[in-house]
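Observations on chain architecture
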Amino acid sequence: PVFHVSRLSPFIEDTIPGRTPEPAPPVVVAGEKQWEVEQILDWRWKPRTRLQNAQNLQYKVRWQNYSPENDTWESHDIFNEDAPDMVKEFLDQRPDCPRP
(Lines give C-alpha, C1' and ligand atoms only; values in the text may rest on other atoms or scores of the structure.)
Protein backbone atom coordinates (compact mmCIF):
# COMPACT_ATOMS: atom_id res chain seq x y z
CA PRO A 1 0.00 0.00 0.00
CA VAL A 2 1.21 3.44 -0.92
CA PHE A 3 -0.11 6.78 0.31
CA HIS A 4 1.04 10.36 0.20
CA VAL A 5 2.96 11.85 3.11
CA SER A 6 0.21 14.48 3.54
CA ARG A 7 -2.04 11.68 4.88
CA LEU A 8 0.23 11.25 7.94
CA SER A 9 -0.33 13.01 11.23
CA PRO A 10 2.04 13.41 14.19
CA PHE A 11 1.79 11.01 17.12
CA ILE A 12 0.04 12.52 20.16
CA GLU A 13 0.75 10.73 23.40
CA ASP A 14 -2.24 9.77 25.54
CA THR A 15 -2.48 12.12 28.53
CA ILE A 16 -5.13 10.20 30.50
CA PRO A 17 -3.42 8.66 33.55
CA GLY A 18 -3.40 4.87 33.76
CA ARG A 19 -4.03 4.23 30.06
CA THR A 20 -0.42 3.53 29.19
CA PRO A 21 1.02 0.79 31.38
CA GLU A 22 4.41 1.41 32.88
CA PRO A 23 7.08 -1.04 31.74
CA ALA A 24 8.12 -3.67 34.24
CA PRO A 25 11.12 -2.78 36.37
CA PRO A 26 14.33 -4.74 35.82
CA VAL A 27 15.22 -7.71 37.97
CA VAL A 28 18.18 -7.02 40.26
CA VAL A 29 20.66 -9.90 40.39
CA ALA A 30 23.87 -9.52 42.39
CA GLY A 31 23.42 -5.74 42.40
CA GLU A 32 23.02 -5.49 38.61
CA LYS A 33 19.84 -4.65 36.71
CA GLN A 34 18.73 -7.33 34.29
CA TRP A 35 15.70 -7.69 32.03
CA GLU A 36 14.07 -11.00 31.13
CA VAL A 37 14.02 -12.13 27.51
CA GLU A 38 10.59 -13.24 26.32
CA GLN A 39 11.60 -14.32 22.82
CA ILE A 40 14.32 -14.03 20.19
CA LEU A 41 12.65 -12.78 17.02
CA ASP A 42 15.33 -12.48 14.34
CA TRP A 43 19.05 -12.29 13.64
CA ARG A 44 21.41 -10.08 11.65
CA TRP A 45 25.05 -9.21 11.25
CA LYS A 46 26.05 -6.06 13.12
CA PRO A 47 25.64 -3.10 10.74
CA ARG A 48 28.76 -1.76 9.01
CA THR A 49 30.92 -4.78 9.75
CA ARG A 50 32.83 -6.70 7.15
CA LEU A 51 33.54 -9.86 9.10
CA GLN A 52 30.70 -12.31 9.59
CA ASN A 53 31.66 -14.00 12.83
CA ALA A 54 30.06 -14.69 16.21
CA GLN A 55 31.27 -11.35 17.60
CA ASN A 56 29.23 -9.51 14.96
CA LEU A 57 26.08 -11.63 15.26
CA GLN A 58 23.04 -9.91 16.81
CA TYR A 59 19.58 -11.13 17.82
CA LYS A 60 16.38 -9.09 17.89
CA VAL A 61 14.94 -9.49 21.39
CA ARG A 62 11.41 -9.10 22.75
CA TRP A 63 11.63 -8.29 26.45
CA GLN A 64 9.29 -9.77 29.06
CA ASN A 65 6.39 -7.39 29.89
CA TYR A 66 7.44 -4.87 27.22
CA SER A 67 5.71 -3.99 23.96
CA PRO A 68 7.15 -4.55 20.44
CA GLU A 69 8.27 -0.91 20.31
CA ASN A 70 10.87 -1.83 22.93
CA ASP A 71 12.43 -4.68 20.91
CA THR A 72 16.19 -4.25 20.60
CA TRP A 73 19.12 -5.77 18.74
CA GLU A 74 21.51 -7.40 21.21
CA SER A 75 24.91 -8.96 20.70
CA HIS A 76 25.19 -12.75 20.66
CA ASP A 77 27.66 -12.50 23.56
CA ILE A 78 25.05 -11.58 26.18
CA PHE A 79 23.19 -14.86 25.64
CA ASN A 80 26.12 -17.15 26.42
CA GLU A 81 25.53 -17.04 30.16
CA ASP A 82 21.97 -15.84 30.63
CA ALA A 83 19.79 -17.51 28.00
CA PRO A 84 21.60 -20.31 26.15
CA ASP A 85 18.43 -22.43 25.96
CA MET A 86 16.55 -19.62 24.26
CA VAL A 87 19.29 -19.26 21.64
CA LYS A 88 19.28 -23.03 21.02
CA GLU A 89 15.49 -22.98 20.56
CA PHE A 90 15.77 -20.05 18.12
CA LEU A 91 18.53 -21.79 16.14
CA ASP A 92 16.45 -24.98 15.91
CA GLN A 93 13.60 -22.97 14.36
CA ARG A 94 15.83 -20.93 12.02
CA PRO A 95 18.22 -23.12 10.01
CA ASP A 96 19.28 -20.03 7.99
CA CYS A 97 20.82 -18.42 11.07
CA PRO A 98 24.59 -18.90 11.43
CA ARG A 99 25.76 -21.06 14.30
CA PRO A 100 28.19 -19.26 16.62
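Everything here concerns the structure above.
1. What about the environment of Gln-34?
- Looking at the element boundaries, Gln-34 is found in strand S2 (residues 32-34).
- As a C-alpha pair, Gln-34 and Gly-18 span 16 residues in sequence and 25 Å in three-dimensional space.
- Setting aside its immediate chain neighbours within four residues, Gln-34 contacts Pro-26, Val-27 and Val-29.

2. Section: the environment of Thr-20
- Along the chain, the position of Thr-20 falls in the segment before strand S1 (27-29).
- Residue classification places Thr-20 among the partly exposed residues on the basis of a relative accessible area of 48%.
- The sequence separation of Thr-20 and Lys-46 amounts to 26 residues, and the corresponding C-alpha distance is 32 Å.

3. Some words on the sheet that holds strand S3 (residues 37-45)
- Read from one edge of the open sheet, 3 strands run S3-S4-S5, paired in antiparallel fashion. Looking at the sheet topology across the chains shown, the edges are occupied by S3 and strand S5 (72-75). Averaged over all adjacent pairs, the angle separating strand axes in this sheet is 40°, with direction ignored.
- Strand direction decides the pairing type here: S3 and strand S4 (residues 57-63), joined by 7 bridges, are antiparallel.

4. Comments concerning the packing of aromatic side chains
- Evaluated as defined, the whole model comprises 2 aromatic pairs.
- Between Trp-43 and Trp-45, the ring centres sit 5.9 Å apart and the planes meet at 85°, which makes this aromatic pair edge-to-face.
- For the ring pair Tyr-59 and Phe-90, a centre distance of 5.7 Å and an interplane angle of 75° mean the geometry is edge-to-face. Residue Tyr-59 is found in strand S4, and its partner Phe-90 is found in helix H2 (residues 84-93); the two are separated by 31 residues along the sequence. Like Phe-90, Tyr-59 is buried.

How each quantity is defined
Residues numbered from 1 in each chain as written. Predicted model: local features only at pLDDT ≥ 70, side-chain atom pairs only at ≥ 80, totals over all residues. Heavy atoms only, no water. Helix = DSSP H or I, 4+ residues; strand = E, 2+ residues; numbered from the N terminus. Contact = heavy atoms within 4.5 Å. Buried < 20%, exposed > 50% of the residue type's maximum accessible area, 1.4 Å probe, protein only. Pairing = 2+ DSSP bridges. Axes fitted to C-alpha atoms, helices over the stretch in contact; angles between N-to-C directions. Phe/Tyr/Trp six-rings, centres within 6.5 Å; stacked < 30°, edge-to-face > 60°.

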